[in-house]
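Geometric and topological summary
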Amino acid sequence: MQYEAVIGLEVHAELQTASKMFCGCPVVDATIAAPNTAVCPVCSGMPGVLPVVNKKAVEYAIRVALALNCEVARTSIFARKNYFYPDLPKGYQISQYEQPLAENGELIIDTPQGEKTIRIRRVHMEEDTGKLTHVITDEGESYSLVDLNRSGVSLLEIVSEPDLSSPEEVTAYASGLRDIVRTLGVNSGDMEKGVIRFEANVSIRPVGSKELGTRVEIKNLNTFRGMERAIRYEFQRQSALLDAGLPVIQETLGWDETLGVTYSQRGKEEAHDYRYFPEPDLPPLVVEKEWIDQIRAQLPELPRACMLRLQQQYSLPLEETRMLASDVDTMNFFEECVRSDPSIPPRTVANWIIGQLFAWFNSSGETITSVKIKPIDLMSLLRFVQSERINKNTAKSVLEMMLQTGNQATTIIAEQGLEQVSDHVEIEELVMRILVENPEQVTAYLNGKETLENWFFGQAMRAAKGKANPLIIKDLLSEKLSKLK
């Protein structure tokens, strides 16, 4: 039987506030800070302490809700979500359930079939848990260490409706959300550090059926690739179960990236298992309409709107505009380049940023805001290429030196004598010398091995040490070979 997937996504994004959700402890990088150094009686769950809501966290949460076209509730309620786990010091998590901060939003994604609207059920606030590190000694003994630095950090949960139907759609939706929270400045989007985490609810049903199947939840997916692999595996696993006449069990699963399989963690909890009830130590969260309107007015241009504008304004392909618009600093860098010199086509600028600069970011770990060059520096280099004073290969080498040293293109080209030779007489002499010095290859070319023209071109470029204008070399080479025929 043929099946189709029905997928919903829960996204947990840590909010980049200076202090935690309900106390004054600083938010630290849990991957490098010494364990349990940003902890107080409130976030460590000591009895008799009182939480206080972080106003900046509420502002950030409203910012995200508005960007997702949600209805922001004027009054929302914090609740206690009761469960017992070693990294949850109070034995409950302060969250929102029956009356969340915002509901009924949407996010538009691009699919091979066109645009698709993914409904967002709710956006609510909660506190993060601590972190467990599991240790196995050389003697085979095992134990776990608890770090509460992350405990109590402001967390935003974004829950979609089950509107996604493929791993590719899930990645498009998840990356779209990550782009939004990064653009809004509320989350870095750094998946390696766990500041944004994904959980997929996956079920399958016969193609054409309207009934939902039994769903499983795959927890803590920290890479897009891992998420796609986990969903594909789960689709195949559930399909095999149903084909064999066996039921799919509702449960919470983990994902083993090394083995490429899901594994059972526990039975899937329902709302009644958590015994939600209103947090007695916090009053209802009331936000004024004027404050919501003020936050709405301060929203920046969002990634999708930016993508469509760049596509229309600069006639760029969809994929290039998506890459530029996914990060506000990259988009600003691109537009500053284009404004500084309209004579260079925007497509050329985009290609250099997406190709050469992105490659540098991947290898160096730098970002668009930390590199040693500014938009004006890149455009200075591109003018050398446009005027044919250097060729593209030389320009790539010059750009790498600029990124390494911070020196200007003009300085590097002058000091290393890289400026391109475009003198026809000089290049003609070079081409003739290559043909005279390689009579066997010339004979083979005249006997029909016409691919040798590329070999002659390479020899000429090598002899010119890459400085000769390649277009002139090609034209003269073609001319001389044609005459020999």
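Higher on the page you've got the structure.
First, a word on scope: everything that follows refers to the structure included in this document. The residue numbering used here restarts from 1 in each chain and proceeds along that chain's sequence as written. Note on the predicted model: pLDDT of at least 70 is required for a residue's local features to be given, and 80 or more for side-chain atom pairs to be given and counted; whole-chain, interface and lining totals, by contrast, use all residues. In computing side-chain values, all of the structure's heavy atoms are included and hydrogens and water are not.

Quick look at the side chain of Asp 341 now. Counting from the N terminus, the helices are DSSP H or I runs at least four residues long and the strands are E runs at least two residues long. Secondary-structure assignment places Asp 341 in the loop between helix H8 (328-340) and helix H9 (346-364). Using a 1.4 Å probe on the protein chains alone, a residue whose accessible area is under 20% of its type maximum counts as buried, one over 50% counts as exposed, and one in between counts as partly exposed. Taking relative accessible area as the criterion, Asp 341 reaches 9% and is therefore assigned buried. Polar contact is defined as a pair of N or O atoms within 3.5 Å, subject to the rule that within protein one atom must be able to donate a hydrogen and the other to accept it, and that residues adjacent in sequence are counted only when both atoms are side-chain atoms. A polar contact is formed between the side chain of Asp 341 and the side chain of Arg 383, at a distance of 2.9 Å. Only heavy atoms enter the contact rule, under which two residues are in contact if any of them lie within 4.5 Å. Beyond its immediate chain neighbours, meaning those up to four positions away, Asp 341 contacts Met 379 and Arg 383.

In this section: helix H6 (residues 303-314). Taking 1.5 Å per residue as the helical rise, H6 with its 12 residues ought to reach 16 Å, and the 16 Å between its terminal C-alpha atoms agrees with that figure. Three or more residues of H6 are buried, namely Pro 303, Cys 306, Met 307, Leu 310 and Tyr 314. Projection of H6 onto a plane perpendicular to its axis shows the buried side chains occupying an angular sector of 100 degrees, all on one side. On its buried face, H6 is in contact with strand E6 (102-111), helix H2 (167-183), helix H7 (318-325), H8 and H9. Looking at the residues trailing H6, positive phi occurs at Ser 315, about 55 degrees. Given a helix with a known number of residues, its expected span is that number minus one, times 1.5 Å. The reported arc concerns the directions from the helix axis to the C-beta atoms and nothing else.

Attention now goes to the packing of helix H10 (residues 375-386) against helix H11 (residues 392-405). Viewed as axis vectors pointing N to C, H10 and H11 meet at an angle of 160 degrees, and their least axial separation amounts to 10 Å. One finds that H10 runs roughly antiparallel with respect to H11. Relative to H11, H10 is oriented so that their crossing is right-handed. Mapping the contact onto sequence places Asp 377, Leu 378, Leu 381 and Val 385 in H10 and Lys 392, Ala 395, Val 398, Leu 399 and Met 402 in H11. Orientation is described by axes fitted as lines to C-alpha atoms, over the contacting stretch for helices, and by angles from 0 to 180 degrees between their N-to-C directions. These descriptions rest on fixed angle ranges, namely under 35 degrees for roughly parallel, over 145 for roughly antiparallel, 65 to 115 for roughly perpendicular, and the rest for oblique. For any helix crossing, the convention is left-handed if the near helix is rotated counterclockwise from the far helix by under a right angle, and right-handed if that rotation is clockwise.

Once that is clear, we can look at the packing of helix H1 (residues 55-67) against helix H5 (residues 289-297). Where H1 contacts H5, the axes come no closer than 10 Å and their chain directions differ by 65 degrees. For the element pair H1 and H5, the recorded crossing hand is right-handed. In this structure, H1 contributes Lys 55, Val 58, Glu 59, Ile 62, Arg 63 and Leu 66 to the contact, and H5 contributes Trp 291, Ile 292, Ile 295 and Arg 296. Basically, the charged four are Asp, Glu, Lys and Arg, the nonpolar ten are Ala, Val, Leu, Ile, Met, Phe, Trp, Tyr, Cys and Pro, and anything else, Gly included, counts as polar. Counted by class, the contact of H1 with H5 contains 6 nonpolar, no polar and 4 charged residues.

What follows covers helix H15 (residues 452-463). Between its first and last C-alpha, H15 extends 16 Å over 12 residues, near the 16 Å set by a 1.5 Å rise per residue. Following H15 by one or two positions, Lys 465 has its phi on the positive side, about 55 degrees.

Planes of paired rings set the category: under 30 degrees apart is stacked, over 60 is edge-to-face and the rest tilted, where pairs are Phe, Tyr or Trp rings (Trp by its six-membered ring) whose centres lie within 6.5 Å. All told, the structure shown has 9 aromatic pairs when counted by the stated rule. Here Phe 198 and Phe 224 contribute two aromatic rings whose centre-to-centre distance is 5.8 Å and whose plane-to-plane angle is 45 degrees, an arrangement assigned as tilted. Taken together, the residues span a long stretch of sequence, with Phe 198 in strand E11 (residues 196-206) and Phe 224 in helix H3 (residues 224-243) at a distance of 26 residues. Each member of the pair, Phe 198 as well as Phe 224, is classed as buried. On the basis of an interplanar angle of 40 degrees and a centroid distance of 6.0 Å, the ring pair of Phe 358 and Phe 361 is categorised as tilted. With Phe 358 and Phe 361 both in helix H9, this residue pair falls 3 residues apart, about one helical turn. Note on accessibility: Phe 358 and Phe 361 belong to one class, buried. Three or more aromatic residues joined by ring pairs form one cluster here, namely Tyr 83, Tyr 97, Tyr 274 and Tyr 276. The rule for a charge over a ring is simple: NZ of Lys or CZ of Arg within 6 Å of the ring centre, and within 35 degrees of the ring normal. Residue placement shows Lys 81 over the ring face of Tyr 274; its charged tip is 4.5 Å from the ring centre.

Our next topic: the environment of Ala 13. With respect to the helices and strands, the residue Ala 13 is situated in strand E1 (residues 3-14). Note on Ala 13: relative accessible area 2%, which makes it buried. Note: C-alpha distance between Ala 13 and Thr 137 (124 residues apart in sequence) is 33 Å. Those residues in contact with Ala 13 that sit more than four places away from it in its chain are Ser 154, Leu 155, Leu 156, Asn 187, Val 195 and Ile 196.

Below, the discussion takes up the nonpolar core. Residue types Ala, Val, Leu, Ile, Met, Phe, Trp, Tyr and Cys, when buried and joined through side-chain atoms within 4.5 Å, form a set referred to as a nonpolar core. Among the nonpolar cores identified, the biggest contains 63 residues, and Leu 9, Leu 68, Met 125, Ile 158, Tyr 173, Phe 198 and Met 227 are the most heavily contacted of them. A per-element tally of this core places H1 first, with 9 residues. In contact with Leu 9, other than residues within four places in its own chain, are Ile 158, Val 159, Ser 160, Leu 164, Val 170, Tyr 173, Ala 174, Phe 198, Glu 199, Ala 200 and Met 227. Among the nonpolar cores identified, the runner-up in size contains 42 residues, and Leu 310, Phe 333, Leu 382 and Leu 399 belong to it.

These figures capture arrangement, not role.
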